[in-house]
Amino acid sequence: MLSVPSSIKRKLAAVVLVAAAPTLASAPALAQPMGLPSMGAASGSDLSPAMERALGDLIIAQGRRDPTYVHDSEINQYLNDMGKRLARYAPNHNLHVDVFGVLSPQFNAFALPGGYIGINTGLIVQAGSESEVAGVVAHEIAHVTQRHIARGLTQQKQSEMIAMASVAAALLAALAGGVNVASGVAAFGQAAAIDRQLGYSRDAEREADRVGFHMLTKAGYDPNGLQEMFAKLMNNAQFNMGTSGGNAYFSTHPLSIDRMTDMQNRTQLLDKNQYPSSDAFWYVRARALVLQTIERHDVTRVVDKLQDEGRRLKGAQRSAAWLALSELASQRRQYEDAKRFLGYAREGVKDSPYIERQAAALALAQDNASSALSISRSALARWPNHRALAEIQARALQKLGRHAEAAKFLQEQIKKWPAESPVLYQLLAVNLADSNQPAQARRAMADYYVLTGALPSAMAQLQQAREMTQNFHEQSRIDAEIRVLRTRMDQEKALLEKFSS
Ligand SMILES: [Zn+2]
């Protein structure tokens, strides 16, 4: 029997209730904190693709301020590249896909409306190969392409069907209702908790497996990826005791014997060993572990595990373990250790932007900005698409007081990544403020706030910038920006009203 016993589901639900309680303390439906707002006019059937996207944009803008949203450029860029590589083979063209990391040791992944896909750090850490992660990402993308969210294909009976969109609405209501980000409330965790009551139907799961398998195969990943991930989770003794976190995923993506048989029939003829994971996968996996470890104050146990891997394994897997140890040592200001571990990480592997990023970050942490600059500059010349290197180079220039150079550099990077890296705008704002351009600094800060979903803060910045400037052309440019922002705020408000009752 592959489904999760209901007693465990109830226990899980109880745990989730406790965790979610602070956010819901002021909600009237305290007796049933996972209760969903009624959908009102927006039922699953009339959630148009355009509205689904608008809803997704709104959710993710709020979600980026959630403490569990992973802002790390290396993790998000890696996941996003993987999502885009898979989406090229999706049944519908020009599919919008945005994959981001969620800081949680639990094995889980979820698709929000509009093509936004969250992947827990714990899923990356528990994966044994790149194709296992790709299998889950492909499956989630398939839920998007098949519009399972908008069509409300949930486990609920049709008569009592609650569209998945209402999960989004509940999340949105929680976020919009003044969730205190500083209190460490994890809205994505809450979304997953609400999610858990619903889950996709078995038919939707089989369809997502089939479509996901096609993408996985076409994109050149091991077609066994998803199946291997599931097989491993199920063989995991902890999973059977309900403690590994596998339940969270399987309760929203029900795994049946039929489903496993379908997967096996598709993959049995394929050769498993011709799909080695990229080096990037091992570095990103180790980085996911580092972030999750720092968050959980779990350092000693993880250091032991990584040191064991560093001695036992080979190639990029070994290098990634030492690189993670270097990062953890640097976080604890043990710079001599950090440097030594970095040296071990370089042994027996190809040059890598991940290693150079750590070398530059370590130099910066030790206040050696000129060394950080030269390392990041030559690495970025070799790997111009590695965003984390650009961020370090900008910080190094700033620390050296080379403001004009930093501003020029940042503006070039922003052209390259206009929406992917809010931190570039923040760095530019600091830089402009330091070089005595306060109005420009506020406009850059406004861009930062727009990207992170804090529209009222963006408006305040623009209004301040407007008051500071005497130049007519500058004023009319800012006025135009204010008008665009105001329209967007009105649209969001209307959307929020439609989805919260
Ligand atoms: Zn699924």
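Student: Sorry, what's going on with the packing of aromatic side chains here?
Tutor: In this description, a pair of aromatic rings is defined by centroid distance and the angle of the planes. Under the criterion given, the structure shown has eight aromatic pairs. Ring centres 5.2 Å apart and planes at 25 degrees place the aromatic pair Y69 and F100 in the stacked group. On the criterion of sequence distance, the pair formed by Y69 in the loop between α2 (49-63) and α3 (73-87) and F100 in strand β1 (residues 98-102) is long-range, its members being 31 residues apart. Considering the side-chain rings of F341 and Y344, the 6.3 Å spacing of their centres and the 45 degrees angle between planes classify their relative orientation as tilted. In this pair, F341 and Y344 both sit in helix α16 (residues 335-346), three residues apart, roughly one turn of the helix. Under the relative-accessibility criterion, F341 is labelled buried at 8%. A residue is classified by how much of its surface remains accessible, and Y344, at 26% relative accessible area, is partly exposed.

Student: Looking at this structure, how should I read the environment of I60?
Tutor: In this structure, I60 sits in helix α2. C-alpha of I60 to C-alpha of G453: the two residues are 393 residues apart in sequence and 7.9 Å apart in space.

Student: Honestly, the environment of R147 in this entry has me stumped. Any pointers?
Tutor: The residue R147 is located in the loop between α5 (130-145) and α6 (164-176) in this model. Between the C-alpha atoms of R147 and G114, which are 33 residues apart in sequence, the distance is 9.3 Å.

Student: Honestly, the sheet that holds β1 in this entry has me stumped. Any pointers?
Tutor: Note on sheets: strands pair through backbone hydrogen bonds, and any given pair is parallel or antiparallel. Spatially, three strands are ordered β1-β3-β2 in an open sheet, and the strand pairing comes out mixed. Looking at strand neighbours, the two that pair on one side only are β1 and β2 (109-112), the edges of this open sheet. When strand polarity is set aside, the average angle formed by the axes of neighbouring strands in this sheet is 20 degrees. As paired strands, β1 and strand β3 (residues 116-120) are joined by five bridges and run parallel to one another. Bridge assignment links F100 to a residue of β3, and that residue is G118.

Student: So what exactly am I meant to see when it comes to α2 here?
Tutor: Since the α-helix advances by 3.6 residues per turn, residues separated by three or four positions end up pointing in the same direction. Between its first and last C-alpha, α2 extends 20 Å over 15 residues, near the 21 Å set by a 1.5 Å rise per residue. Buried within α2 we find M51, E52, L55, G56, L58, I59, I60, A61, Q62 and G63.

Student: Is there a simple way to think about the pattern of salt bridges in this case?
Tutor: One pass over the structure, following the stated rule, counts 24 salt bridges. The partner of R210 in a salt bridge is E207, and the shortest N-O contact between them spans 4.0 Å. You can see R210 and its partner E207 sitting in helix α8 (residues 202-218), three residues apart, about one turn around the helix. Note that E474 is salt-bridged to R477, the shortest N-O span being 2.9 Å. A residue pair is termed a helical-turn pair when its members lie 3 or 4 positions apart in one helix, as E474 and R477 do in helix α24 (residues 472-499) at three residues. By relative accessible area, which is 47% here, R477 ends up partly exposed. Several salt bridges converge on common partners, so that one network encompasses D72, E74, R287, E327 and R357.

Here is what the cut-offs are and how they apply
- Residues numbered from 1 in each chain as written.
- Predicted model: local features only at pLDDT ≥ 70, side-chain atom pairs only at ≥ 80, totals over all residues.
- Heavy atoms only, no water.
- Phe/Tyr/Trp six-rings, centres within 6.5 Å; stacked < 30°, edge-to-face > 60°.
- Helix = DSSP H or I, 4+ residues; strand = E, 2+ residues; numbered from the N terminus.
- Buried < 20%, exposed > 50% of the residue type's maximum accessible area, 1.4 Å probe, protein only.
- Pairing = 2+ DSSP bridges.
- Axes fitted to C-alpha atoms, helices over the stretch in contact; angles between N-to-C directions.
- Expected span 1.5 Å × (residues − 1).
- Salt bridge = Lys/Arg side-chain N within 4 Å of Asp/Glu carboxyl O.

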